[in-house]
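Survey of secondary and tertiary structure
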Amino acid sequence: MARRAPLDSATDCNGFAPLAGKHLLGIEGLDRPCVEALLERADAFADLPPRARLDHLNGLTVFTVFFENSTRTRVSFDLAARKIGASVVNVPISTSSIKKGESLLDTALTLNAMHPDILVMRHPNAGAALLLANYVDAAVVNAGDGRHEHPTQALLDALTIRRRLGRIEGLNITICGDITNSRVARSNIHLLSILGANLRLVAPPTLVPPQISAMGVECYHDMAAGLAGADIVMLLRLQQERMQGAETPSQREYFHLYGLTAEKLALAKAEALIMHPGPMNRGVEISSELADDVERSLITAQVEIGVAVRMACLESLGAPLLGRAQ
Amino acid sequence: MSALLIQNARLLDASSHSDFVGDCLIKDGKIAELGTNLTAPKGAEVVDAGGHVLTAGLVDMRVQSCHPGAAHRETPHRLALASAQSGITSIVCLPNTNPVLDDPELLKSQCAMLAGLPDTPHLRVYAYGAATMGLQGLAMAELGLLAESGAVGFTDATRAIADSLMMRRVLSYASMLGRPVIQHAEDPILAEHGEMHEGEHSMRLGLRGIPDAAEEVIIARDLALLRITGGHYHVAHIGTAKGVALIRCAKAEGLRVTCDTAPPYALLNDVAVRDYDARFRLSPPLRSEDDRLAVLEGLADGTIDALASDHSPQDRDAKSLPFGLAEAGYSGIETLLACGLSLFHGGHLSLLQVLALMSHNPAQILGLNAGAMQVGMAADLTLIDLEHGWQVRGAQFASLSGTTPFEGAPMQGQVIGTWISGKHVYERGT
């Protein structure tokens, strides 16, 4: 556990480096003090005025390399890096030699030769971020690797909850949707467990791994049972192809059984809040009315907090690099 | 007449369960006499075995030759070198070459070519014929003509014969020819897009799982078909507890069923995948610890008949990829014997059991005149130092591809010399 920054001022960057390793590849393996230090720091950043610019990572270069389409995550990292003073290069993949069959490692070596300080990567294959980390000098941030992890999404979810409810310990949090194929679910299960939440999953058996109890969570197939007493309902995106007879029979059956509606939400606590990592399928995971309910939905807050969380993550990886350079 | 006397050897023959210290006299490439205090004929070469183990050369019943069609993964020359220095004197090649060994003439010329390369140690080479044309599972290959050309069995190599009716017909037709059908027992639909064994580790790693049921359903179905067709059914690289249990029951029932496994399934489990290291991407996947223990039990009680290298070399590029994109396979020839011996050193099997799994048993399964050290047989022999310790270094393999899940593992037992028909094909230190 590295030194903790004085938290009275987000503009002070003295030795903030809670990520003991050189990379942020996943939540699994992080400890509670490390996670809480990151959240504290992000919390301070979230309180900065929207136009604030910091110089903590001046001189560092962040590359974002997304092998899967992404708008919100990529923009969020881009903005976070700029706000904390780093230069940003968004490496376009869809128009580059990657499409011509260059391997991930060749791409890594090419990018490495340009000496990025931090590489933010999303890739469709689990483990790709670890592979990259083994071959480049830069610190690697995993922005999603296949079905494995998406650590910054989990951190921003946790901070969103904390800022709204003041704590995470002891909350009943229900995650509902496609658990099997979701990296967001995996990272959130790890993180919310570390932070002491009572976690429940709700999904049809075809969308939840049979070994899920090994993760220390309760699993329900009946949404009503899974929602009872919930403080937070976290919905996951269901991909179109999974609703057309492959893993669930149809979109309308999924919405009937697992789509969040006002009636179903009434089974949770009276003030229960709704979260979704986006992009949403309205009328599949969630009714349109609820998605737009500013009293109950934290969905836009999640996006807003995401920038602050990524600032904290980039800083914790980048600040030690600056220390070395000086 | 040429003669060779190997003196002072621990003579171990799995086919006759014999184990004594003595001499082996070889005349004209055949074993002429086995006994104590044999006299060397005039002009005979005499070798002192130093009390080390002399036994029949190993018979590796599952090898991807990669020739023709994949010279970047393995070459015939390197394959023969690797075999000789690993005590392997006979190999049986899978038909998944390019072109596929579904053509009788190709199969015949392939075996002859691989066995007779210039400036290369001699090696006895056999091959399986494709069970279906192009290994596509749609039309039966010319099994009769392939058998006449030397095919020792039929298989679709790394693919399961998935269609039940096709499997029934292949089993039925092969029974007439007296050749086994070798099945890669993995349901292709259940295993589709699978990256590793389905279990807690695949869940945590976010890798797509291949359930153990993928092996179980194919074996169970095939056994049901075998009861209709008769014939000889052989499961390759068995790796699950459920699969081993099915074979055990089928043998008790009296069905003509055999199976083999490969060292990774007896020595490693799915925990190895934890860092997404593509060296551990194998097909079938490394299974759970319970499965591994069941494989050990199956080897010990004779349910599993043979241990094969499952040599399936992959070049470095094919392994330097995210786990799910990397090719499955490993270079297995050079660790086969040492891995087998680790089962002896670890107290799981007797030395004769280990040697039988890699010589006599596979020869019996495939009807090869090999794998035994008896008077009158060709002098295909290997001399083994049981105790010699070494560490696996894929970069030092004779095989073209050095990717191995045993990288860095300590091994005990090494080949000192190998003979085929009494001719030296390998001598340690030369």
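Everything quoted here is computed from the prediction, not taken from an experiment.

Let's shift gears to the overall build of chain B. Counting its secondary structure elements, chain B contains 13 helices and 19 strands. The C-alpha radius of gyration of chain B comes to 21 Å, within 12% of the 22 Å expected for a compact globule of 430 residues. Considered along the principal axes of its C-alpha atoms, chain B spans approximately 65 × 45 × 40 Å. Expressed as a percentage of the 430 residues in chain B, the buried residues total 60%. At a minimum sequence separation of 6, the contacts of chain B that also span at least 24 residues come to 73%. Per element, the accessible surface of chain B, about 15500 Å² overall, is 50% carbon and sulfur. Averaged over its 31 positive side-chain charges, chain B has a centre that lies 1 Å from the centre of its 48 negative ones.

All names here are of chain B. On the basis of which strands lie adjacent, the open sheet formed by six strands has the order β9-β10-β11-β14-β15-β16 and parallel pairing. Edge positions in the sheet fall to β9 (129–130) and β16 (306–307), since each has one partner strand and no second. Note that strand β10 (residues 154–155) and strand β11 (residues 181–183) share two bridges and pair parallel. Note that in β11 the partner of Phe154 across the bridge is Val181. Against the sheet, helix α7 (residues 241–253) contacts β14 (233–235) and β15 (257–261), and its axis sits at roughly 150° relative to β15.

What follows deals with the pairing of strand β4 (residues 139–145) of chain A. All names here are of chain A. The element β4 is extensively covered by neighbouring structure, given that seven of its seven residues are classed as buried. Pairing between strand β3 (residues 118–123) and β4: five bridges, direction parallel. Of the residues in β4, the one forming a bridge with Leu119 is Val140. Crossover handedness for the path β3 to helix α4 (residues 128–133) to β4: right-handed.

Let us now look at the confidence of the model for chain B. Predicted confidence across chain B gives a mean pLDDT of 96, with 100% of residues reaching 70 or more. Scoring of the predicted complex yields 0.94 for pTM and 0.91 for ipTM.

For the rest of this paragraph, the subject is the pattern of salt bridges. A pair can form between side chains of opposite charge whenever their charged atoms are brought close. In the structure shown here, the tally under the stated rule is 25 salt bridges over all chains. A salt bridge links Glu169(A) to Arg32(A); the nearest nitrogen and oxygen atoms lie 2.8 Å apart. In this pair, Glu169(A) is assigned in the loop between α5 (151–165) and β5 (172–176) and Arg32(A) in helix α1 (residues 32–46), connecting sequence segments 137 residues apart. Glu407(B) is paired through a salt bridge with Arg393(B); the nearest N and O atoms lie 3.7 Å apart. Residue Glu407(B) is found in the loop between β17 (381–391) and β18 (410–420), and its partner Arg393(B) is found in the loop between β17 and β18; the two are separated by 14 residues along the sequence. When salt bridges with common partners are traced through the structure, they connect Glu40(A), Asp43(A), Asp47(A), Arg162(A) and Arg163(A) into a single cluster.

Cut-offs applied
Residues numbered from 1 in each chain as written. Chains lettered and ligands numbered in written order. Predicted model: local features only at pLDDT ≥ 70, side-chain atom pairs only at ≥ 80, totals over all residues. Heavy atoms only, no water. Helix = DSSP H or I, 4+ residues; strand = E, 2+ residues; numbered from the N terminus. Rg over C-alpha atoms; globule rule 2.2 N^0.38 Å. Buried < 20%, exposed > 50% of the residue type's maximum accessible area, 1.4 Å probe, protein only. Contact = heavy atoms within 4.5 Å. Areas by Shrake-Rupley, 256 points an atom, 1.4 Å probe, with all protein chains shown as cover. Lys, Arg positive; Asp, Glu negative; His and termini not counted. Charge placed at Lys NZ, Arg CZ, Asp CG, Glu CD. Pairing = 2+ DSSP bridges. Axes fitted to C-alpha atoms, helices over the stretch in contact; angles between N-to-C directions. Right-handed = clockwise from strand over helix to strand, strands pointing away. pLDDT = per-residue confidence, 0-100. Salt bridge = Lys/Arg side-chain N within 4 Å of Asp/Glu carboxyl O.

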